[in-house]
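# Analysis of the macromolecular model
Here is what each chain is made of, one letter per residue.
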Amino acid sequence: MKPFCFADGQIIPTESATIHPMDLGLIRGYGIFDFFRTVNYKALFLDHYLDRFIASAKKTYLSLDYSRDELKGIIQELIDKNDLKEGGIRMVLSGGMSENHFSPGKGKLYIFAESLIFPSQQKYEQGVKLLSLEYVRPIAEIKTTNYALAVWHSAQWKQQGAEDVIYHLNGYISESSRSNFFIVKDGVISTPDRHILMGITRKHILELAENVEVRPITMQEALAADEAFITSTTKVLLPVTQIDDLKIGNGKTGPVSLDLLERFKKMEKELCG
Ligand code: PLP
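Residues numbered from 1 in each chain as written. Predicted model: local features only at pLDDT ≥ 70, side-chain atom pairs only at ≥ 80, totals over all residues. Heavy atoms only, no water.

## Observations concerning the overall build of the protein
Secondary structure assignment for the protein yields eight helices and 16 strands. Computed over the C-alpha atoms, the radius of gyration of the protein is 19 Å, within 12% of the 19 Å expected from 2.2 N^0.38 for a compact globule of 273 residues. For the C-alpha atoms alone, the extent of the protein along its principal axes is close to 55 × 45 × 30 Å. Per-residue burial for the protein yields a buried fraction of 49% across its 273 residues. Contacts in the protein between residues at least 24 apart in sequence constitute 69% of all its contacts with a sequence separation of at least 6. Working note: accessible area of the protein is about 13300 Å², and carbon and sulfur atoms make up 53% of it. Averaging the coordinates of the 32 positive side-chain charges in the protein and doing the same for the 35 negative ones gives two points 1 Å apart. (Helix = DSSP H or I, 4+ residues; strand = E, 2+ residues; numbered from the N terminus. Rg over C-alpha atoms; globule rule 2.2 N^0.38 Å. Buried < 20%, exposed > 50% of the residue type's maximum accessible area, 1.4 Å probe, protein only. Contact = heavy atoms within 4.5 Å. Areas by Shrake-Rupley, 256 points an atom, 1.4 Å probe, with all protein chains shown as cover. Lys, Arg positive; Asp, Glu negative; His and termini not counted. Charge placed at Lys NZ, Arg CZ, Asp CG, Glu CD.)

## Let's talk about the sheet that holds strand β6 (residues 109-114)
Backbone-to-backbone hydrogen bonds join strands into a sheet, with any given pair of strands oriented parallel or antiparallel. As summarised here, the arrangement of the six strands in space is β2-β1-β6-β5-β3-β4, forming an open sheet in which the pairing is antiparallel. Looking along the sheet, the strands with just one partner apiece sit at the ends: β2 (10-13) and β4 (42-43). Running at roughly 175° to strand β3 (residues 31-39), helix α2 (residues 46-59) makes contact with β3, β4, β5 (87-94) and β6 of the sheet. (Pairing = 2+ DSSP bridges. Axes fitted to C-alpha atoms, helices over the stretch in contact; angles between N-to-C directions.)

## Considerations on helix α5 (residues 148-159)
Looking at α5, one finds that the buried residues are A150, H153, S154 and W157. Burial along α5 is one-sided: seen end-on, the buried residues are contained in an arc of 140°. The outward face of α5, more than 90 degrees from its buried face, is lined by the exposed residues A148, V151, W152, A155 and Q159. In this fold, the buried residues of α5 make contact with β7 (128-134) and β8 (164-169). (Arc of directions from axis to C-beta.)

## Section: a nonpolar patch on the surface
Nonpolar side chains collect at one region of the surface, where M22, L26, I27 and M97 lie side by side and expose about 350 Å² of accessible area between them. Structurally, the position occupied by I27 is in helix α1 (residues 24-27). (Patch = residues over 30% accessible without salt bridge, like charges linked within 9 Å, V, L, I, M, F, W, Y side chains within 5 Å. Salt bridge = Lys/Arg side-chain N within 4 Å of Asp/Glu carboxyl O.)

## Thoughts on the site of the ligand
Taken together, 16 residues form the shell around the ligand, and within it K143, Y147, I200, T201 and T233 come nearest. A distance of 2.9 Å separates a nitrogen atom of the ligand from a polar side-chain atom of E175. Compared with its free state, where it exposes 390 Å², the ligand has 95% of that area covered by protein. Listing elements by their share of the shell around the ligand, those giving two or more residues are α6 (200-208) and β14 (227-232). For the shell around the ligand, a count of residues per class yields three nonpolar, eight polar and five charged. (Near = heavy atom within 4 Å. Polar contact = N/O pair within 3.5 Å; in protein donor to acceptor, adjacent residues only side chain to side chain. Nonpolar A, V, L, I, M, F, W, Y, C, P; charged D, E, K, R; others polar.)

## What about the pairing of β3?
Taken across its nine residues, β3 has nine buried, putting it largely inside the fold. The alternating pattern of β3 places G31, F33, F35, R37 and V39 on one face and I32, D34, F36 and T38 on the opposite face, and all of these are buried. Where β3 meets β5, eight bridges bridge the pair, whose relative direction is antiparallel. When the bridges of β5 are listed, F36 appears paired with I89. With two bridges joining them, β3 and β4 adopt antiparallel strand pairing. Its bridge partner being in β4, T38 is matched across the sheet by A43. Two successive antiparallel strands, β3 and β4, enclose a turn made up of two residues, where N40 displays a positive phi of approximately 55°.

Here it is as C-alpha cells:
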C-alpha cells in the first residue's frame with residue numbers, strides 16, 4: 001500500500017483511513033470496487049474503468065458524489081503524490097451505514113494506490129493450472145467486493161498446486177475468480193458471453209484478436225481446446241495449460257496466446273510510452 005489515499009473527501013495518509021464497523025461493506029459484504037494499472041504514470045484505459053465503476057455504483061443503488069472529471073483529478077493527484085510510475089489504483093465504494101443494517105446506505109468512497117506484482121515469468125512461459133468449481137458469481141456483471149467464496153476456496157487451490165479456479169455450472173464455463181477465460185481451437189479465439197464480469201482486459205484482447213467468437217462455452221470444449229488463457233488487469237494474459245488433472249492441448253503454452261500477449265504489451269507501450 002502506498003503512503004497516500006483518498007478517503008473522507010480528501011487525500012490523507014493511507015494509515016489514517018477508517019471505516020465504521022457497521023458499514024454494510026463489513027456486515028453484509030455489500031460494496032463495489034474497481035482496479036486499474038498505471039504505466040509510466042498514466043492510468044491505462046482509465047475511461048473504461050471509470051465507466052464500469054460508475055455503472056457498478058448505479059446498479060448497486062450506491063450514490064457516487066463525484067463526477068468523472070473529479071475522479072480523474074483525484075486519481076492524478078494520487079499518482080503524483082505516491083510517485084506511482086507502475087502500480088495499481090483501487091477505487092472502493094462501501095455499502096455505507098444503514099438504519100436497518102440492510103438497505104444500501106450512503107456509500108463511502110476510498111481510492112488507494114498500490115504496488116503491483118505480476119505472476120512470475122515461469123508462469124507466463126509454462127502456463128498455469130486451474131481447479132474447476134461448480135459456481136457462478138452472483139450479479140456477475142457488477143464489480144462487487146464479494147469474493148468470499150474465492151477467498152475461502154483459495155486454500156484448496158493452493159494446496160493442489162493450482163493458480164486459481166474456473167467456475168462452471170450446468171456444463172458451461174463463466175470465468176475464473178478474478179479473470180476472464182478464453183479458449184483457442186483451430187485458430188478461433190472464444191470467450192464466454194454471460195454470467196461474467198465484462199473485463200477491461202477481455203475487451204481489449206477481443207479487439208486485438210482477429211478470429212473471435214463471444215458465446216457460451218462448455219467445459220468439454222475447454223478440455224478439448226488447443227490453447228486456453230485467462231485475462232485480467234493484474235495478469236494481462238496468462239496461459240492455462242491444465243484444468244484439474246487434464247492437460248489443455250499439448251500441455252504447453254500456445255502461439256496464439258503468446259502472440260496476443262505481445263500485441264497487448266505493444267498497445268500498452270503505444271498508449272503509455
Ligand atoms: N472477472 C472477475 C470476477 C474479476 O474480478 C476480474 C477482475 O478483477 C475480471 C474478470 C477481469 O477484469 P479486468 O480485465 O477488468 O481486470
